[in-house]
Amino acid sequence: MKALVELQGVGKTYVSARDGQHVQALDGIDFTLRRGEFLTVVGPSGCGKSTLLSLIAGFNAPTHGSILFDGKPVTGPGPERGVMFQDYALFPWRTVLGNVEFGPFARGVATSERRSKAQQLIEVVGLTGFETRFPHELSGGMRQRCALARMLANDPTMWLMDEPLAAVDLQTRIILQDELLRLWGDADTGRERPTVMFVTHGIDEAVLLADRVLVLGRRPGRIKAVVDVDLPRPRDRQRSSLEMARLTDHIWSLIRDEAAQAITEETH
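Since the model is a prediction, treat every value here as computed from it, not as a measurement.

1. Looking at the sheet that holds strand E10 (residues 223-228)
Sheets are built from strands that pair by backbone hydrogen bonding, the pairs being arranged parallel or antiparallel.
Then comes step 1: Pairing is mixed across the open sheet formed by six strands, whose spatial order is E6-E7-E8-E3-E9-E10. On the outer flanks of this sheet lie strand E6 (81-85) and E10, each paired with one strand and no other. Between one strand axis and the next, the sheet turns through 15 degrees on average, direction left out of account.
Then comes step 2: As defined by bridge partners, strand E3 (residues 38-42) adjoins strand E8 (residues 195-199) across four bridges and the pair is classed as parallel. Bridge pairing in E8 links Phe38 to Val196.

What follows is the structure in structure tokens.
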């Protein structure tokens, strides 16, 4: 399968504005993300998962190494790379409709066209009837549905998702996992799927969603393993399968000691 994203020797070091200390978040990342695949990223707290996503999104530049998207260097954000965050990042002064149509609005798309597109996506994510509501009037799950529709409004080639389901309750999370897979094309092998990079702390979630799981080690984050997930799709039928449990346990065994050490360091 042809590569969409290529990372070559990527590293990122931050300099603290408070004391000038250098913190190396990532080091020596060499990886290829295949077109149309669903990649999840796991690792202990502070290992650079979100940093890796932000570099591909173009929000930050690597300290060393290179990142190519569709064969071209990443030099900044672009509508072909849609981003979705844990904290929704919705504009509180805009309604559901106003949030969803913001991307096309910013790109100068005509009002009738962007409104039609936004209305279609609002229906797709199950928010019909809530078009005029503001974010503070929505539940957590509804806010994430709105954030998902806003991301999709730009027709991105790639979805970059930074723990987008971490802030919702378990029942809502399961529903949104199934919804996300449906929108990606989990049960539809006949069409071209978007490429997804999904950062999560939930190993079971990572296995459920992914074609491959990228496992990062402790800071500075380096690739510890890449685990293929050969479970059949659609995945909603695999939640209780023995193979899913085996893969989840295997990935946890790769990071358990480092995760415990990271927690200890954070509390001292």
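2. Regarding the packing of aromatic side chains
Then comes step 1: For the coordinates displayed, the defined rule picks out six aromatic pairs.
Then comes step 2: Taking 5.3 Å as the distance between ring centres and 80 degrees as the angle between the ring planes, the aromatic pair formed by Phe38 and Trp184 counts as edge-to-face. One end of the pair, Phe38, is in strand E3; the other, Trp184, is in helix H6 (residues 170-184), and 146 residues separate them in sequence. One exposure class covers both Phe38 and Trp184, and it is buried.
Then comes step 3: Geometrically, the ring pair formed by Phe59 and Phe85 is stacked, given 6.3 Å between the ring centres and 25 degrees between the ring planes. Note that Phe59 is positioned in the loop between helix H1 (49-57) and strand E4 (64-69) and Phe85 in strand E6, a separation of 26 residues in sequence.
Then comes step 4: In this structure Phe59 comes out as partly exposed when scored by relative accessible area, which is 40%.

Calculation rules
As a convention, each chain's residues are numbered from 1 in the sequence order in which they are written. The predicted origin of the model limits local features to residues at a pLDDT of at least 70 and limits the giving and counting of side-chain atom pairs to 80 or more, whereas totals for whole chains, interfaces and linings rest on all residues. The side-chain quantities take in all heavy atoms of the structure and omit both hydrogens and water. Here, a strand pair is defined by DSSP locating no fewer than two bridges between the strands. Working definition: helices are DSSP H or I runs of at least four residues, strands are E runs of at least two. Numbering for both runs from the N terminus. Think of each axis as a best-fit line through the C-alpha atoms, taken over the contacting stretch in the case of a helix, with angles from 0 to 180 degrees between the N-to-C directions. Each Phe, Tyr or Trp ring (for Trp, its six-membered ring) is paired with any other whose centre lies within 6.5 Å, and the angle between the two planes then decides the class: stacked below 30 degrees, edge-to-face above 60, tilted in between. Think of it in three bands: residues with accessible area under 20% of the maximum for their type are buried, residues over 50% are exposed, and the middle band is partly exposed, with areas taken using a 1.4 Å probe on protein chains only.

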